[in-house]
Structure formats: structure tokens, C-alpha cells
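Results of the structural survey
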Amino acid sequence: MWLLYERMFASVDRLETRPALDEHLISRIRPMVAPSARLLPVVEALQPLLPDGGLRRGSTTVVVAPPGHGGATLALTLLSAPSAAGHWCGVVGMGDPGITAMAELGVDLRRVVFVPTPGGKWAEVAGELIDGTDVILIRLGLPVPHAVARNLIAKARDRSAVLVILTATSGQWPIGGDVELSIPHAAWVGVNAGHGHLAGRRAAVSVIGRRGANQEHTATLWLPSASGDVTVAAAR
Amino acid sequence: MVIHCPDLIEEGSRGAELRTFAAVLAAVEELCPWVTPVRLGICTIPARGPSRLLGGEGAMLHALRAQLGAVALDATPQLGIAPGLFGAQLAAREGEMVDQDDLSSFLAPWPVSVLGRSELASVLPRIGVRTLGQFASLGHREVFARFGTDAAACHSAASGEVGELVGLRDAGIARRLAAVLGPVLPAAVQPSFYGGTGSAERRAANSATRLQQWLGPEAVVVARPQGGRNPSDQAELVPFGSWPVDGRSKAAPWPGQLPPPAPITVFGDPRVVEVFDSTAKVITVSRQGFLTAVPDHCAVEGGRLRRIASWAGPWPVAERWWVTPRRRVRLQVVTESGQAILLVFEQQQWWLEAVYD
């Protein structure tokens, strides 16, 4: 019996000391996934801003903007093209979401599940939605503990989901995103001393990313435009 | 509130019960659009909103009974109100209205078999625990240690602490209703929820159902566009898995709807706002629909003053004039810090209706 036991371990030892496979070979053994399948689409206006022209599965995008300055519009726009392409989306912590606005942004509401007031359980709710949907938007209320953020990022990577974090200040999300979008400047047009009506918000959107976009890059967008969607604004 | 149709609980082989149940849902929906089928023969509506609309719970019960009288049923549907689905479906069997304070005493005399757990129903009486009250008097921790998580959940339900219990809801009921009704159904706004069989859809539906079991059905919602005149009426959020009848279509003409872009946040409970002129005098709206002065700054719920950079309006919106003369006036405001908000003047008071975030 003892002998058998020893031999079992002997074989394990042999396995571990086996020469490592050639890197080139490993890359060929891995299941092949077309690059396009690892990328979820985004609306045309956002394509030049994102490192791969889309949302990379397993990645985290952080949208930083103080409340009322376009962050919600920008974050929700990231759901438009994926939901329209058949991907399910989850939205956590957005109380009283304006559904008409989301429809105008091009979000296919048939594939969006909302948990508007998850309370203290938001991280668990987000975790469950990472299992069930492809794009998960989380609006943060309070600073997130490092371990919680790390777990969500790891889970999203594991399930090939896209995490979109909407936060008022970059300090609330302790780990930098793969892509970080911010809105350094925004101004509404169309209203003036009683006349007109809100007809769009011209906004400068900046991006910094870890891969392929280390240089900060800024674009001027209608966030939203007069028809309620997000488009590229002509330079003035 | 739970509506319990005793003769529809057992399902026959020909789908007649499903079709009759669909007729019940359609009848209830005429009174309350929030009807949710729980399982065959049982549906719920939120008691608070509609009862306020119809003039109290008694009036709502009366209206519901009249509405259900038109559906051909062998046994009269039973109606009951209690906090949480578990208590409410029992209250319906007795036709009772149970308050939060009376919930545990209402639950106490029911036999443990109503929990729907055959194992507990056979084991508990052997140790002298026959009723929910006796079960609830056991320590939660002991129940968990001896019988496991599911029994602990049953214990919480038996004591009235938790209103949901796994097994009360039939996750597939909406799909089966849609299937049996076939093309007779009005076009569902969420066809993918009810008819589809894609794996992504099943994955999302499973996830949403688990969250509902955990947080309660109202915590997980999906959108149903309906094309009303206020931002809050143009679409509504309904609990995931709700009955997919679409009342008003988005294409219906609704003059008076605000031009796009629509606000990103639309408050279900508008907050009180004060609007002042440059001399700190409160601004209201005249009978003719004009502002009494030029807006200069505003404060939400007594918060800090925000300077108004520009504004548009006021636009008078008369709505539902055929029911009640309800006049509203709207104002779009851009504050000095660049935030755009939508205010509404109603009942001699400004309200923050929506935010363009």
C-alpha cells in the first residue's frame, strides 16, 4: 500500500518536471477565437475613442463624471450597440432611469435588466449579472473596497463580460479601468432666457487606456444630440 | 395583493386553464397594468398604487370583483392582501387583508405543509411542530443547523420576516401563457423575454429570476415603453417576468411630449424645488401660464442655491383633461455649473421632475 502511495507521488513529480511546451505551440493549442468575437460593438461616435474600436470582452471601462455632467449618458451609450446586436445588459444602482432617453440613445431595452436600488448588495447583484449578461453597468454611490473591485474585475474577465463603472470621482473605483473615459467639458445648447428648448450637449470626452491608448485622446461629441443619440460634433 | 383562482390551480392537458387564466389577467389589467402572473391560477398586483387611485383597498377589492365577474370561472376568485407573496397567497385563500403588524399571528395557525416542502411537512409534525407558528418559534440558527439553507428560508417565511420563498413562483408561466395564446396576444414589447429560446436569453432570465428570489420581484425590472406625455409616462419599469401586454404603443400620437433629448434620470418621486428671482422672491406661474418673474436661482429640497444660467419654457401641459383638470407647466433649466434639469409646476409648487445627466 505504501509503495503504491509513493509511486503515485513519483508520477506527479515526473509530470511537473516535464519540459515546458514551446510558447509557439501553446498559442496554437489554445482554442482559436476570432478577434471580432472578443470585441463588443460601440456606436460609431465612440469607436475612435476606444483602443480597439469597441468593448473588449473581459475588460473594465470606467466613466468618470460628476453627477449631471454627461456621465450617465456616456455610460449608457456604451450599452447601445451591444444591446442592439443581441447582447444582454445589466444596469445596477441607477435609480429612476430615464427609459425614453435610453431608447433615444439606441439602447435596445428588450435586453436590459435593471436593479435600480440594490442597496448594500450591489456587488453581489453585479456578480450575478456578470453570470447572466454580457455588459454590466454599475453606478457607484460610495467608494468601493479594493477587494470587491478586484473580485468583480476578475469575474468579468473570467466570464468574458464587459464591466462599465460609472463614478462621480475616480477615487471611488480603486483600480484603474482598462479604459477610462472622462468629460472635462460639457455645455448645453438650445436654451436661452425662456426661449428654445434643450437641443443637445456639446461635450469633450477624454480617454486614457492601458493598452494601445496610453496617450490621452479627446473627441468632441454631441452627448446627446438634438435627436437624443450620441454623434460626433463638428469642430468649431 | 394576490388574486387566487381555485379552479385554475390544477392544470389539465388541453391548456384550458392557461387560457382562462389569461382572461383573468386581461380583466385585472384593465384596472391595474402591473398584474404579474405568479403561477397558474395565482397573480399579484401591487396593492398600494391602484388602491390609492380607486379610493382605498375596499373600493379596489370591489372594482376587482366586478371586473373578475365577467370572466367565466367555476369558483369565485379569492382576493387577499398581506406583506410579501407568501403571506398574501395565504391571505387570498381566506379572503383576508393582513397588516404588517398582524402578519405573524395570521401565519401562525397554518399547517407547515403550506410551505410546499414535503420533507419538512413529514419531519416537523413528528417532532411536534405542526403549524407555522410552532415552526417560527424554533431558533433560526437551530433550524439552519439541523435542516439546512432551504429550511432556514422557510423558517424566515413562516415567521413573516421574508415575503418570498423559492418555489412560490413558476418562472415559466409568462412563456407558457404566451405559447398557449399564440397570435391572439397583442404584440409584446419584449418578445425576447417570452417567446424566445436563445441561450443568451435563458442565461439572462435565469440570472434575473435568481435576483428576484433573493431581492424580491420588484427589485429586478425591465422597461416597457408606453408613449405617455410626461417623461415618467413615456415608459415604465415593470418587474421582470410581468405579463407582456402593451397598452399604448410608442407610435401613438402624444402631442405635448417634450422634444428629444429626453432626460436620463426621471424621478418616480419628484422632489420639491424653489425657484427665485434676483431679489430672492419666490417665482410661481400665473393663471395664464406665465412666470411671475425672471428666474435667477433655485434650490432642490431646501439644498444649496444654484444659479440659473439659462432656461426654456414655461410650457403649459394640460393632460388627462377628460378625467381631471390637471394643469402642469414645465421649465427646462440649465444651472451655472452646466447641469440641465426639468422642473414642473403643479399644485402651486415647483418639482424636480427629471435630470439630464
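The model shown is predicted, which means the values in this text are computed figures rather than measured ones. (Residues numbered from 1 in each chain as written. Chains lettered and ligands numbered in written order. Predicted model: local features only at pLDDT ≥ 70, side-chain atom pairs only at ≥ 80, totals over all residues. Heavy atoms only, no water.)

**Notes on the overall build of chain A**
From N to C terminus, chain A includes six helices and 13 strands. Sorting the 236 residues of chain A into buried and exposed places 49% on the buried side. Summed over all atoms, the accessible surface of chain A reaches about 11300 Å², with 56% contributed by carbon and sulfur. (Helix = DSSP H or I, 4+ residues; strand = E, 2+ residues; numbered from the N terminus. Buried < 20%, exposed > 50% of the residue type's maximum accessible area, 1.4 Å probe, protein only. Areas by Shrake-Rupley, 256 points an atom, 1.4 Å probe, with all protein chains shown as cover.)

**Some remarks on the overall build of chain B**
Broken down by element type, chain B carries 13 helices and twelve strands. Per-residue burial for chain B yields a buried fraction of 50% across its 357 residues. Considering only contacts within chain B whose residues lie at least 6 apart along the sequence, 48% involve residues at least 24 apart. (Contact = heavy atoms within 4.5 Å.)

**As for the nonpolar core**
With 48 residues, the main nonpolar core has Leu78(A), Phe114(A) and Leu137(A) as its most contacted residues. The leading source of residues in this core is helix 3 (residues 71-84) of chain A, at six residues. Apart from the residues within four sequence positions on either side, Leu78(A) is in contact with Val42(A), Leu46(A), Leu50(A), Leu55(A), Thr61(A), Val63(A), Val164(A) and Leu181(A). Trp88(A), Trp122(A), Leu129(A) and Val222(B) belong to the second largest nonpolar core, which has 32 residues in total. (Core = buried A, V, L, I, M, F, W, Y, C linked by side-chain atoms within 4.5 Å.)

**Observations regarding a negative patch on the surface**
Residues Glu57(B), Asp99(B), Asp101(B) and Asp102(B) make up a contiguous surface patch of negative charge. Tracing the sequence through the fold places Asp101(B) in the loop between helix 4 (85-94) and helix 5 (103-107). (Patch = residues over 30% accessible without salt bridge, like charges linked within 9 Å, V, L, I, M, F, W, Y side chains within 5 Å. Salt bridge = Lys/Arg side-chain N within 4 Å of Asp/Glu carboxyl O. Lys, Arg positive; Asp, Glu negative; His and termini not counted. Charge placed at Lys NZ, Arg CZ, Asp CG, Glu CD.)

**A closer look at the packing of helix 5 (residues 122-132) of chain A against helix 6 (residues 146-158) of chain A**
Residue and element names in this part refer to chain A. Here helix 5 crosses helix 6 at 5°, and the two axes come no closer than 10 Å. Here helix 5 lies roughly parallel to helix 6, going by the angle between them. From helix 5, Trp122, Ala123, Ala126, Gly127, Ile130 and Asp131 reach across to helix 6, where they touch Val148, Leu152, Lys155 and Ala156. Across the contact of helix 5 with helix 6, the residue classes tally to seven nonpolar, one polar and two charged. (Axes fitted to C-alpha atoms, helices over the stretch in contact; angles between N-to-C directions. Parallel < 35°, antiparallel > 145°, perpendicular 65-115°, else oblique. Nonpolar A, V, L, I, M, F, W, Y, C, P; charged D, E, K, R; others polar.)

**Thoughts on the packing of aromatic side chains**
Under the defined criterion, the tally for this structure stands at three aromatic pairs over all chains. Taking 6.1 Å as the distance between ring centres and 65° as the angle between the ring planes, the aromatic pair formed by Phe106(B) and Trp110(B) counts as edge-to-face. For Phe106(B), a relative accessible area of 11% puts it in the buried group. Across from the ring centre of Trp222(A), 5.2 Å away, lies the NZ or CZ of Arg202(A), which sits over that ring. (Phe/Tyr/Trp six-rings, centres within 6.5 Å; stacked < 30°, edge-to-face > 60°. Lys NZ or Arg CZ within 6 Å of the ring centre and 35° of its normal.)

**Quick notes on the interface of chain A and chain B**
On the chain B side, the residues contacting the 54 residues of chain A number 49 residues. Buried surface at the junction of chain A and chain B, summed over both partners, amounts to about 4100 Å²; 61% is from carbon and sulfur atoms. For Arg139(A), the salt bridge goes to Asp357(B), with nearest N and O atoms at 2.6 Å. The tally of links from chain A across to chain B stands at 21 residue pairs in polar contact (both at pLDDT 80 or more). Every element with two or more residues in the side of chain A that touches chain B is listed here: helix 3, helix 4 (99-104), strand 5 (112-115), helix 5, strand 9 (191-192) and strand 10 (195-196) of chain A. The element contributing the most residues to the side of chain A that touches chain B is helix 5 of chain A, with seven residues. (Buried area = accessible area lost by both parts, 1.4 Å probe. Polar contact = N/O pair within 3.5 Å; in protein donor to acceptor, adjacent residues only side chain to side chain.)

**Some remarks on the sheet that holds strand 3 (residues 42-44) of chain B**
Residues and elements named next belong to chain B. The strand order across the open sheet formed by four strands is 2-3-1-4, and the pairing between neighbours is antiparallel. Whereas interior strands pair on both sides, the edge strands pair on one side only; in this sheet they are strand 2 (36-39) and strand 4 (78-80). Each strand axis lies, on average, 25° off the axis of its neighbour in the sheet, ignoring direction. Pairing of strand 1 (residues 2-4) with strand 3, which is carried by three bridges, proceeds in the antiparallel orientation. Across the sheet, His4 pairs through a bridge with Ile42, a residue of strand 3. (Pairing = 2+ DSSP bridges.)

**So, the packing of helix 8 (residues 140-147) of chain B against helix 9 (residues 149-158) of chain B**
Residues and elements named next belong to chain B. Their axes nearest at 7 Å, the elements helix 8 and helix 9 cross at an angle of 150°. With respect to each other, helix 8 and helix 9 are oriented roughly antiparallel. Crossing hand, helix 8 versus helix 9: right-handed. On the side of helix 8, the interface is formed by His140, Val143, Phe144 and Phe147, while helix 9 contributes Thr149, Ala151, Ala152, His155 and Ser156. Taken together, the residues that form the contact of helix 8 with helix 9 break down as five nonpolar, four polar and no charged. (Left-handed = near helix turned anticlockwise from the far one by under 90°.)

**Overview of the pairing of strand 3 (residues 60-64) of chain A**
Residues and elements named next belong to chain A. Within strand 3, five of the five residues are buried, which leaves the element mostly enclosed by the surrounding structure. Of the two faces of strand 3, the one lined by Thr60, Val62 and Val64 and the one lined by Thr61 and Val63 are each fully buried. Here strand 3 runs beside strand 7 (residues 162-167); their pairing, made up of five bridges, is parallel. By the bridge assignment for strand 7, Val64 is matched with Thr167.

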